[in-house]
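# Observations on the three-dimensional arrangement
Chain by chain, the residues run as shown.
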Amino acid sequence: MRILVTGGAGFIGSHLVERLLRADHDVAVVDNFDPFYEPRRKRRNLAAVRDHARLQLHEADILDAAALQRAFQAAKPERVIHLAARANARLALREPAAYARVLGEGTINVLEQARENGVEQFILGSSSSVYGLNAKVPFAEDDPIGTTISPYAAGKRAAELYGHVYAHTYGLPVTCLRFFNVHGPRQRPDLAVYTFVRLLLRNEPVPFYGDGSSGRDYTYIDDIIDGVEAALHTVFPFKIINLGGNHPVLLRDMVATIESELGVTAERIVLPPQAGDVPRTFADISRAERLLGFAPQVPFAEGVRRFVEWYKREVLDD
Ligand SMILES: NC(=O)c1ccc[n+]([C@@H]2O[C@H](COP(=O)([O-])OP(=O)(O)OC[C@H]3O[C@@H](n4cnc5c(N)ncnc54)[C@H](O)[C@@H]3O)[C@@H](O)[C@H]2O)c1
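Here is what the cut-offs are and how they apply
- Residues numbered from 1 in each chain as written.
- Predicted model: local features only at pLDDT ≥ 70, side-chain atom pairs only at ≥ 80, totals over all residues.
- Heavy atoms only, no water.
- Axes fitted to C-alpha atoms, helices over the stretch in contact; angles between N-to-C directions.
- Helix = DSSP H or I, 4+ residues; strand = E, 2+ residues; numbered from the N terminus.
- Parallel < 35°, antiparallel > 145°, perpendicular 65-115°, else oblique.
- Left-handed = near helix turned anticlockwise from the far one by under 90°.
- Contact = heavy atoms within 4.5 Å.
- Nonpolar A, V, L, I, M, F, W, Y, C, P; charged D, E, K, R; others polar.
- Phe/Tyr/Trp six-rings, centres within 6.5 Å; stacked < 30°, edge-to-face > 60°.
- Buried < 20%, exposed > 50% of the residue type's maximum accessible area, 1.4 Å probe, protein only.
- Lys NZ or Arg CZ within 6 Å of the ring centre and 35° of its normal.

This next bit is on the packing of helix H7 (residues 192-201) against helix H9 (residues 251-262). Viewed as axis vectors pointing N to C, H7 and H9 meet at an angle of 45°, and their least axial separation amounts to 10 Å. When the axes of H7 and H9 are compared, the pair comes out oblique. The two elements H7 and H9 meet at a crossing, and its hand is right-handed. Two secondary-structure elements touch here, H7 through Ala192, Val193, Phe196, Val197, Leu200 and Leu201 and H9 through Leu251, Met254, Val255, Ile258, Glu259 and Leu262. Among the residues making up the contact of H7 with H9, the classes are represented as 11 nonpolar, no polar and one charged.

Any two packed helices are characterised by how steeply their axes cross, that is the angle between the axes, and by the distance between the axes. One can describe the packing of helix H5 (residues 96-116) onto helix H6 (residues 151-170) by two numbers: an axis separation of 9 Å at closest approach and a directional angle of 20°. With respect to their mutual orientation, H5 and H6 come out roughly parallel. As H5 packs across H6, the resulting crossing turns out to be right-handed. In contact with Pro96, Tyr99, Leu103, Thr107, Ile108, Leu111, Glu112 and Arg115 of H5, H6 contributes Pro151, Tyr152, Gly155, Lys156, Ala159, Tyr162, Gly163, Tyr166 and Tyr170. Grouping the constituent residues of the contact of H5 with H6 by class yields 11 nonpolar, three polar and three charged.

All right, on to the packing of aromatic side chains then. Across all of its chains, the model carries 11 aromatic pairs by this definition. For the pair phenylalanine 36 and tyrosine 37, a centre-to-centre distance of 5.4 Å together with 80° between the ring planes defines the contact as edge-to-face. For tyrosine 37, a relative accessible area of 8% gives the class buried. Between tyrosine 194 and tyrosine 311, the ring centres sit 5.3 Å apart and the planes meet at 80°, which makes this aromatic pair edge-to-face. One end of the pair, tyrosine 194, is in helix H7; the other, tyrosine 311, is in helix H11 (residues 300-314), with 117 residues separating them in the sequence. Assigned by exposure class, tyrosine 194 and tyrosine 311 land together as buried. Taken together, the ring pairs in this structure connect Tyr194, Phe307, Trp310 and Tyr311 into an aromatic cluster. The ring of phenylalanine 33 carries the charged tip of arginine 43 above its face, separated from the ring centre by 4.0 Å. Looking at arginine 115, its charged tip hangs above the ring of tyrosine 170, at a distance of 4.5 Å from the centre.

Structure representation (structure tokens):
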């Protein structure tokens, strides 16, 4: 298949691109190497496949409709996997309008190109953050969503709704995959596992928000990629599907796991819970199991072990 991946140089995108190339797909990446974290990391993410004969790299901003159109015309994709986004929920609190543009207008631009170019399936990388303060656990796709608490989550929910518009109104098949707390090698440097490993290896104190009882349903990157790849096999008119680990890890256990992997003890700086942070994420993955055969394989501690191995090998210059 010819598959266009927006955000293909990022953490999740670069793993996906490698997997798709291994499966002999033609892959076109659209990424603007956004400077929210260092573009050099993203270039390194793609280094192993940069010269692959089946890879096109379009350095373009999804907010630049003309550049996006050129990428679509060159790639002629049958499928689109849309991952490009500003993805840091905390920064979104400071720059809500900029996030709204990329998550909203940017997504519309990609949907519009998909529609104009007769794309057969559009997969959107959505987020567990859309569940907001949902009190019911685990979070299921049909739970009402009205308690979103961050601009990032609102932007992701808006993107899903635009997906629904294009599915219903223009007949573009759309699958929204709600990723839950993805971790593993190449993780974004702003995310929790990365941050704690870096601080602990420098013998610096770690921020410890609240009483440590907040929980995150960490999902290993390879499991997420399995779910995305499986989603390519079935085209739904419109579907929302959780991709999560289904085993939430409490903050205090997350820190303990990293301490044990590194063989050090962290000094904790206790801070109040952060604005915009939800108390928990916890995926009901029964729909993903049923529709995609999704079955996460990598336990949290093993994912941390693989991350630390990668970090020590490739990033110790941080
Ligand atoms: N990492 C997670 O735990 C997680 C959880 C839920 C959802 N998601 C979603 O998955 C997707 C990928 O996340 P990630 O963690 O790999 O983030 P990432 O920041 O590593 O990747 C995003 C990529 O999008 C690119 N990008 C940003 N703005 C762009 C623009 N205007 N035009 C073109 N490219 C642009 C960036 O350069 C980057 O390479 C995002 O949509 C994110 O919201 C991630």
